[in-house]
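One letter stands for each residue in the lines below.
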Amino acid sequence: MQSMQYPLNKLRENIASSFPSTTFKVLKEVKINIIKMELSITRPDDWHLHLRDGKLLEAVIPHSAHHFGRAIIMPNLKPPITTTAAAMAYRESILKALPINSGFTPLMTLYLTDSTTPAEIKLAKESGVIYAVKLYPAGATTNSQDGVTDLFGKCMPVIEEMVKHNMPLLVHGEVTSPEVDIFDREKVFIETVLSPLVLKFPQLKVVMEHVTTMDAVKFVESCAEGQAIVSAVTSGSKRFFLGTDSAPHDRLKKECPCGCAGIYNAPVALAVYAKVFEEAGALDKLEAFTSFNGPDFYGLPRNTSKITLRKTPWKVPESFSYASGHVVPMFAGEMLDWLPSPV
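This report concerns the structure included in the present document. (Residues numbered from 1 in each chain as written. Predicted model: local features only at pLDDT ≥ 70, side-chain atom pairs only at ≥ 80, totals over all residues. Heavy atoms only, no water.)

## With respect to the overall build of the protein chain
Across its full length, the protein chain carries eleven helices and 14 strands. Burial analysis of the protein chain (343 residues in total) assigns 53% to the buried set. Within the protein chain, contacts between residues at least 6 apart in sequence are counted, and of these 74% link residues at least 24 apart. For the protein chain, the accessible area works out to roughly 15,200 Å², and carbon and sulfur atoms hold 54% of it. (Helix = DSSP H or I, 4+ residues; strand = E, 2+ residues; numbered from the N terminus. Buried < 20%, exposed > 50% of the residue type's maximum accessible area, 1.4 Å probe, protein only. Contact = heavy atoms within 4.5 Å. Areas by Shrake-Rupley, 256 points an atom, 1.4 Å probe, with all protein chains shown as cover.)

## Details of the packing of aromatic side chains
As enumerated under the stated definition, the model contains nine aromatic pairs in all. Taking the centre distance of 4.7 Å and the plane angle of 10 degrees together, the rings of tryptophan 47 and tyrosine 298 count as stacked. Of this pair, tryptophan 47 sits in strand β4 (residues 46–49) while tyrosine 298 sits in helix α11 (residues 286–298), and the two are 251 residues apart along the sequence. Across the pair, exposure class does not vary: tryptophan 47 and tyrosine 298 are buried alike. Centroid distance tyrosine 264 to phenylalanine 320: 6.4 Å. Interplanar angle 90 degrees. Geometry classified as edge-to-face. (Phe/Tyr/Trp six-rings, centres within 6.5 Å; stacked < 30°, edge-to-face > 60°.)

## A word on the pairing of strand β6 (residues 105–111)
Among the seven residues in β6, six count as buried, and that is most of the element. The pairing of strand β5 (residues 70–73) with β6 spans three bridges and is classified as parallel. Its bridge partner lying in β6, isoleucine 72 is registered against leucine 107. With respect to chirality, the unit in which β5 leads through helix α2 (residues 84–97) into the neighbouring parallel β6 is right-handed. Note on the crossover from β6 through helix α3 (residues 118–127) to strand β7 (residues 130–135): the handedness is right-handed. (Pairing = 2+ DSSP bridges. Right-handed = clockwise from strand over helix to strand, strands pointing away.)

## As for the nonpolar core
Most often, soluble globular proteins keep nonpolar side chains buried together rather than apart. Ranked by internal contacts, the top residues of the largest apolar core, which has 83 residues, are Leu51, Leu112, Leu151, Met162, Leu169 and Leu197. Tallying contributions element by element places helix α10 (residues 269–279) first for this core, with seven residues. Beyond its immediate sequence surroundings of up to four residues, leucine 51 is in contact with Leu56, Leu57, Val60, Ile61, Ser64, Ile73, Tyr90 and Ile94. Core analysis: the second largest hydrophobic core is formed by 13 residues, Trp47, Ile72, Met74 and Phe241 among them. (Core = buried A, V, L, I, M, F, W, Y, C linked by side-chain atoms within 4.5 Å.)

## Some remarks on the pattern of salt bridges
This model, assessed by the stated rule, comprises 15 salt bridges. One salt bridge connects lysine 154 with aspartate 114, and the closest N-O pair in it is separated by 3.6 Å. Of this pair, lysine 154 sits in helix α4 (residues 151–154) while aspartate 114 sits in the loop between β6 and α3, placing them 40 residues apart in sequence. With relative accessibility at 42%, the residue lysine 154 sits in the partly exposed group. A residue is classified by how much of its surface remains accessible, and aspartate 114, at 22% relative accessible area, is partly exposed. Notably, a salt bridge pairs lysine 306 with glutamate 287, separated by 3.8 Å at the nearest N-O pair. Placement of the pair is lysine 306 in strand β11 (residues 306–315) and glutamate 287 in helix α11, with a sequence separation of 19 residues. (Salt bridge = Lys/Arg side-chain N within 4 Å of Asp/Glu carboxyl O.)

## Observations regarding the layout of surface pockets
Regions of empty space are outlined by a rolling probe, equal in size to a water molecule, passed over the atoms. Here the second largest pocket defines a volume of roughly 370 Å³. Around the second largest pocket, the lining comprises 15 residues; the ones closest to its centre are Arg52, Asp53, Leu56, His249 and Lys253. Across the lining of the second largest pocket, the residue classes tally to four nonpolar, five polar and six charged. (1 Å grid on protein atoms, 1.4 Å probe; cavity = no way out; pocket = protein on both sides within 12 Å on 5 of 7 lines; lining within 4 Å. Points joined across faces, edges and corners; volume = space filled by probe spheres on them. Nonpolar A, V, L, I, M, F, W, Y, C, P; charged D, E, K, R; others polar.)

## Description of the side chain of serine 291
Among the secondary structure elements, serine 291 is positioned in helix α11. Among the residues examined, serine 291 registers a relative accessible area of 0% and is labelled buried. A distance of 2.6 Å separates the side chain of serine 291 from the backbone oxygen of threonine 42, its partner in a polar contact. With residues up to four places along the chain from it excluded, the contact list for serine 291 reads Ile41, Thr42, Arg43, Pro44 and Arg302. (Polar contact = N/O pair within 3.5 Å; in protein donor to acceptor, adjacent residues only side chain to side chain.)

## Here's the deal with empty space enclosed by the protein
Applying the stated criterion to the full structure yields two cavities of 30 Å³ or more. Lining of the second largest cavity is provided by Ala59, Val60, His63, Tyr264, Phe320, Ser321, Tyr322 and Val327. Only α1 (54–67) and β12 (320–322) provide two or more residues apiece to the lining of the second largest cavity.

## A word on the pairing of β4
Two elements, β4 and β5, share two bridges in a ladder whose sense is parallel. Looking at β5, one finds that aspartate 46 is bridged to alanine 71. A crossover connection joins β4 to the parallel β5 through α1; in handedness this β-α-β unit is right-handed.

## A look at the packing of α1 against α2
The geometry of α1 relative to α2 is characterised by a closest axis approach of 9 Å and an angle of 60 degrees between their N-to-C directions. Regarding the angle of α1 to α2, the classification is oblique. Crossing of α1 over α2 shows right-handed handedness. Judged by residue contacts, Leu57, Glu58 and Ile61 of α1 engage Ser93, Ile94 and Ala97 from α2. (Axes fitted to C-alpha atoms, helices over the stretch in contact; angles between N-to-C directions. Parallel < 35°, antiparallel > 145°, perpendicular 65-115°, else oblique. Left-handed = near helix turned anticlockwise from the far one by under 90°.)

Here it is as structure tokens:
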């Protein structure tokens, strides 16, 4: 079973068209016939989130907790979260950093390595707080140096145990061979790793994260009907769900000769998703993408609380300060049209 997250910074604008009037509540009509609108949806979840740790964790967690009910937490810390005990300790750190009375729930993951054991997968499942295992090819991205070097040679017993416990595999899909062009890394990964893996384990639940190519979209859709990239994301198809891949770094680590990869988009994610769905004429499909498809895939109940998106222009802060520096958000200093707020 394959599913796919479509990251915030990869959604593409396309096909402006009219949207169903039944989706909105009219707040006010002014003399020039501009209608103020609001959209009420089930509180979304974020199925791919980097929270880091320490002071940076404390600085960024309020932004995600304000908009999202739950989030799948990435395990690529230093050192990585490779054991159930480490995941449970990290979860406690996140809970302690949450704003008072927050209902946000962190859903933990394990970092897959060449030495991960089937017993660890069983222990993770029994913990009740670990929901997936993350595959980082060694050297592919931030803090991936401890990742997998030979999936088929060293990790097959672990994959078998994951299938047994219905534990999803979250895939950072790119090869790291220097002879492969950077723009072909995802395509080659699909051909040499992912396709053989799902053929060998057809019952394995796979999430292909932060896709960047049509090859990845076609791979997910190969198990369903063919769709164009934007129509697939905005169609209400259960194979696509929200995962921001919000990845904060201190400003000094971004604005330097070798800047860290990642975009901090948690404060603006819902506003930008709403803009993309509006311009695709698919605001009536936004709730399925943000709030239904993810929990359905993970076998979790949908959230019961609501969040409101108002068509009210607002300015994104230039940066957010914390004890060790500043974090610059996506669209810093720019105006966005949709303003999210919890009900």
